[in-house]
Amino acid sequence: MISSKEYGSGSWELTVTIDHPYGEQKETTLQVSGDLHIGGVMLKLVEKISVSQDWSDYALWWEQKQCWLSKTHWTLDKYGVQADARLLFTIQHKMLRLRLPSMKTVRLSVSFSSVVFKVVGDICKTLGIRRPEELSLLKLPEDAKKKKRKEKDKEPVIEDILNLHNSPVSLGLPASPGLYSKTMTPTYDPVSGTPVSSTVTWFGSSPLMKQHWNSLAFSLPTCTPETLAKMYQPQTLVDKAKLYAGWLDSSRSLMEQGVQEDDQLLLRFKYYAFFDLNAKYDAVRINQLYEQARWAILLEEIDCTEEETFIFAALQYHISKLTLSSGSQDFTAEVETDEVEAALFNLEVTLEGVKTESPLEDITDIPKLADSLKLFRSRKLSLKGFKQYWFVFKDTSVSYFKNKEAEQGEPIEKLNLRGCEIVPDVSVSGRKYGIKLLIPVADGMNEVHLRCDNENQYARWMAACILASKGKTMADSSYRPEVHNILSFLKMKSRTASPQEVSDAESMDMKPECFVSPRCAKKYRSKQLAARILEAHQNIAHMSLMEAKLRFIQVWQSLPEFGLSYYIVRFKGSKKDDLLGISYNRLIRIDAATGDPITTWRYSNMKQWNVNWEIRQVAIEFDQNVSIAFTCLSADCKVVHEYIGGYIFLSTRSKDQNETLDEDLFHKLTGGWE
């Protein structure tokens, strides 16, 4: 009971529940005044509890407002806390279960009071994953949850839990410096991806023990064809849009977003802009990225042709064989690797990010391509086929003429490819080598098809088109490697092996259905699948484990739908719902019924974007007075807003930054002001 004297002094009773980690919650009251700061409230609490323990990880949580009172110098009045407030005095670090891309579940303690961006950074340091800004936390899709509740016997994967509860992050301490250490950097054999002895010793002294590292850097296909068939698979683009609705807000804490202790979240690569992917330092990162790509293929979250399906299957089979055969290796043995050879190999297998690092191209005369190609312009109600023209490719533009003799005159048309979409249209078995160009214009996309005569011609022109779309010319040092990559990719697709050269299908020591989607498995008998996979395997049998994983990622990146995250939206002025595809360099408006792209907008042409939080509408302005506005229907508009800002943030990275991130810039670009 408050005395009249206390009442007149402006003090009042504040009810606080104390959350004991190993006991029941207890409620207590404190006599406080509005000018008391949060630190003072916690001090009073500890004095009243009078239990001798470390209270440094405790903080106040305001249940009604669903927020942490983290600014200890703020007063109760400044926060707006009054006598009716219900506060919880609880630990900030709690256990969380994370399902990795490899389907392994890691259980560790993380900060439930820090923003998700920082939490993901700490998690990645513990797991040994560089570039944590590319990952985030995702809630399980609702449809998958319903399916699991409906059919309890259809659990996707038997949960394989790796406990890391004794890591520094779990104990509320700064994460191990790991790959971010300025004085010691883990080193791996660039061919096998195994750590040299110094690295294993370093891992062994950290929470990530040797066996933990192995389980993250290497994984085996543990999913049977029967289990695979029961897993949730999106059937339409609308279904795919539901997969991306559950991304957590990077600018808010876990508890502020309804995540409870020991909940399960998915740790996934959110942004498809893989910067400085390096075989020497990124064994865990590459394996988890490979696993995310593998499951996207198996569950048909991304479309691919039949030829590509068997390339992916052969690579998976090859990786599984090598992983099994290396399972008994003693990773503490020093790997004898010639440093010059390792450096050369590293140059070959390193996958660069989407941003060029060198401001200057090769200082030479810019070369040109001149050849006879076939052209077809996609127009409605047009039945005309391909027509032969003389093409000249120079700088970042393609010009075509009636014939070679007309080259000195004015071209029929000149196409500027900077910022356009390049889509391969290839069937090696059908000897079809096509390039589809989607050239953005003010009111949509111009679609132009080029047809080459052979593999070599296709590789040269495709490489030139890809570079031109990024604003580079054929004088750039990446042109020749791009031609080489395209030719090697085509070679992987070719069915050159004769039936006698392919191993007996029965000699395949793994079920072939494990390496293809359930829909593909239904089209073939098991022996036919095995024969096709072993046939494709002939072209990649020479690859090392790390090479095969990187090649899998490269082929995944070459798919037309790679990197697209879908959301159901309603554009301003439209009477029907459309899909918005968000990629690392563009936004695409897609017809929800047909899946056809309607319009593409490049980030490079974006002037500004903002959100009207009252009506939950995203508005974007581009060059040439182009403006769009839309409301999000399949997710909160904050998710889309953060995606766009996140990709723009990632485009500012450079190796000169020495892996330090401007967290304030990230929150400025993605946080909004709701």
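I will try to describe carefully the structure that is included in this document. Once a new chain begins, its residue numbering starts again from 1 and follows that chain's sequence as written. A pLDDT threshold of at least 70 governs which residues receive local features in this predicted model, and a stricter bar of 80 or more applies before side-chain atom pairs are shown or counted, although totals over entire chains, interfaces and linings include all residues. The side-chain values count all of the structure's non-hydrogen atoms but skip hydrogen atoms and water molecules.

### Concerning the overall build of the chain
Phase 1: We count a stretch as a helix when DSSP gives it H or I for four or more residues in a row; a strand needs E for two or more, and each element gets its number in order from the N terminus. Of the regular secondary structure elements, the chain holds 19 helices and 24 strands.
Phase 2: Contacts spanning at least 24 positions in sequence make up 64% of the contacts within the chain whose residues lie at least 6 apart.
Phase 3: Note that accessible areas follow from Shrake-Rupley with a 1.4 Å probe, and for residues the cover is restricted to the protein chains shown. Put simply, the chain shows about 32100 Å² of open surface, and 50% of that area lies on carbon and sulfur atoms. In this analysis, two residues are considered to be in contact whenever any of their non-hydrogen atoms come within 4.5 Å of each other.

### A word on the nonpolar core
Phase 1: By size, the foremost hydrophobic cluster in this structure holds 115 residues, and its most contacted members are Leu-254, Trp-556, Tyr-567, Ile-620 and Phe-630.
Phase 2: Looking at this core element by element, the count peaks at nine residues for helix H18 (residues 637-650).
Phase 3: With sequence-adjacent residues up to four places away left out, Phe-630 is seen in contact with Val-569, Arg-570, Phe-571, Lys-572, Leu-580, Arg-616, Gln-617, Val-618, Ile-620 and Val-640.
Phase 4: Grouped together as the second largest cluster of nonpolar side chains are 36 residues, Leu-450, Ala-468, Val-483 and Leu-490 included. Working definition of a nonpolar core: buried Ala, Val, Leu, Ile, Met, Phe, Trp, Tyr and Cys residues. They are joined through side-chain atoms within 4.5 Å. Buried residues are those whose accessible area, probed at 1.4 Å on protein chains only, stays under 20% of the maximum for their type, while exposed residues exceed 50% and partly exposed ones sit between those limits.

### Section: the packing of aromatic side chains
Phase 1: Ring geometry is summarised as follows: Phe, Tyr and Trp rings, the Trp one being its six-membered ring, pair when their centres sit within 6.5 Å, and such pairs are stacked at plane angles under 30 degrees, edge-to-face over 60 and tilted between the two. Per the counting criterion, the structure on display carries 33 aromatic pairs.
Phase 2: When the centroid spacing of 6.2 Å and the interplanar angle of 40° are considered together, the rings of Tyr-433 and Tyr-458 count as tilted. Of this pair, Tyr-433 sits in strand S16 (residues 432-441) while Tyr-458 sits in helix H13 (residues 455-469); the two residues are 25 residues apart in sequence, bridging distant segments of the chain.
Phase 3: Arranged with centres 5.9 Å apart and planes meeting at 40°, the rings of Phe-571 and Trp-601 form a pair that is tilted. Here the residue Phe-571 occupies a position in strand S18 (residues 565-571), and Trp-601 occupies one in strand S21 (residues 597-602), the gap between them amounting to 30 residues.
Phase 4: In textbook terms, an aromatic cluster arises when at least three aromatic residues are bridged by ring pairs, as seen for Tyr-244, Tyr-271, Tyr-567, Tyr-603, Tyr-643 and Tyr-647.
Phase 5: The lysine or arginine in question, Arg-294, covers the ring of Trp-295, its NZ or CZ lying 4.9 Å from the ring centre.
Phase 6: Both a distance and an angle decide whether a charge sits over a ring: NZ of Lys or CZ of Arg must be within 6 Å of the ring centre and within 35 degrees of the ring normal. The aromatic ring of Phe-571 is capped on one face by Arg-589, whose charged end is 4.2 Å from the ring centroid.

### Let's talk about the sheet that holds strand S10 (residues 264-269)
Phase 1: The pairing criterion for strands is at least two bridges between them, as found by DSSP. Taken in spatial order, the five strands line up as S8-S10-S6-S7-S9 in an open sheet, and their pairing is mixed. Across the chains shown, the open sheet's two edge strands, defined by having one partner strand only, are strand S8 (135-138) and strand S9 (161-163). Across the sheet, the mean angle from the axis of one strand to that of its neighbour is 40°, orientation sign disregarded.
Phase 2: Across four bridges, S8 lies against S10 in antiparallel orientation. Residue pairing across strands places Leu-135 opposite Phe-269, the latter belonging to S10.
Phase 3: Those strands touched by helix H4 (residues 116-127) are strand S6 (93-99), strand S7 (105-111), S8 and S10, and its axis lies near 110° from that of S8. For helices, the axis comes from a line fit to the C-alpha atoms of the stretch in contact; other axes are also lines fit to C-alpha atoms, and the angle between any two N-to-C directions lies between 0 and 180 degrees.

### Here we look at the pairing of strand S12 (residues 387-394)
Phase 1: In this structure, strand S11 (residues 368-377) lies alongside S12, joined through eight bridges in antiparallel fashion. Note that in S12 the partner of Ala-370 across the bridge is Val-392.
Phase 2: Across five bridges, S12 lies against strand S13 (residues 397-401) in antiparallel orientation. Looking across to S13, one finds that Phe-391 is bridged to Tyr-400.
Phase 3: Taking the residues that link successive antiparallel strands as the turn, the S12-S13 hairpin has two residues, and the phi of Asp-395 there is positive, at about 55°.

### Here's the deal with the sheet that holds S21
Within a sheet, neighbouring strands are paired by backbone hydrogen bonds and run either parallel or antiparallel to one another.
Phase 1: Across the sheet, seven strands lie side by side as S21-S20-S19-S18-S24-S23-S22; this open sheet has antiparallel pairing. Where the open sheet ends on each side, the last strands, each with one partner, are S21 and strand S22 (606-612). With strand direction ignored, the average angle separating the axes of adjacent strands in the sheet is 30°.
Phase 2: In this sheet, strand S24 (residues 626-632) lies alongside strand S23 (residues 617-622) in antiparallel orientation, the contact comprising six bridges. Its bridge partner lying in S24, Ile-620 is registered against Ile-628.
Phase 3: On the sheet, H18 packs against S18, strand S19 (578-582), strand S20 (586-590), S22, S23 and S24 and is oriented at approximately 155° with respect to S22.

### Remarks on the pattern of salt bridges
Phase 1: Whenever a carboxyl oxygen of Asp or Glu lies within 4 Å of a side-chain nitrogen of Lys or Arg, that contact is scored as a salt bridge. Overall, the coordinates contain 32 salt bridges when judged by the stated rule.
Phase 2: The closest approach of N and O atoms between Arg-107 and Asp-262, which form a salt bridge, is 3.0 Å. Here Asp-262 lies in the loop between helix H9 (237-243) and S10 and Arg-107 lies in strand S7, a separation of 155 residues in the sequence.
Phase 3: The partner of Lys-240 in a salt bridge is Asp-303, with the nearest N and O atoms 3.7 Å apart. Note that Lys-240 is positioned in helix H9 and Asp-303 in the loop between helix H10 (283-298) and helix H11 (306-325), a separation of 63 residues in sequence.

### Overview of the pairing of S24
Phase 1: Extensive coverage of S24 is indicated by the burial of five of its seven residues.
Phase 2: Pairing of S18 with S24, which is carried by three bridges, proceeds in the antiparallel orientation. Looking at S24, one finds that Arg-570 is bridged to Thr-631.

### So, the side chain of Arg-285
Phase 1: On the secondary structure map, Arg-285 appears in helix H10.
Phase 2: A residue is classified by how much of its surface remains accessible, and Arg-285, at 0% relative accessible area, is buried.
Phase 3: Any N or O atom pair separated by 3.5 Å or less is treated as a polar contact, with the protein-specific requirement of one donor-capable and one acceptor-capable atom, and with residues adjacent in sequence counted only for side-chain atom pairs. Polar contacts involving the side chain of Arg-285 include one to the main-chain carbonyl oxygen of Phe-275, which spans 2.9 Å.
Phase 4: Separated by 3.4 Å, the side chain of Arg-285 and the backbone oxygen of Asp-276 make a polar contact.
Phase 5: Sequence-distant contacts of Arg-285, that is, excluding residues within four places in its chain, are made with Ile-129, Arg-130, Arg-131, Glu-134, Phe-269, Phe-274, Phe-275, Asp-276 and Leu-277.

### Things to note about helix H2 (residues 38-49)
Phase 1: Take the number of residues in a helix, subtract one, and multiply by 1.5 Å to get its expected span. An ideal rise of 1.5 Å per residue puts 16 Å on twelve residues; H2 measures up with 17 Å between its terminal C-alpha atoms.
Phase 2: If you follow the buried residues of H2, they end up packed against strand S1 (11-18), strand S2 (26-33), strand S3 (58-62), helix H3 (76-79) and strand S5 (86-91).

### A short note on H11
Phase 1: Here H11 spans 29 Å end to end across 20 residues, near enough to the 28 Å set by a 1.5 Å rise per residue.
Phase 2: H11 sits mainly inside the fold: 15 of its 20 residues count as buried.

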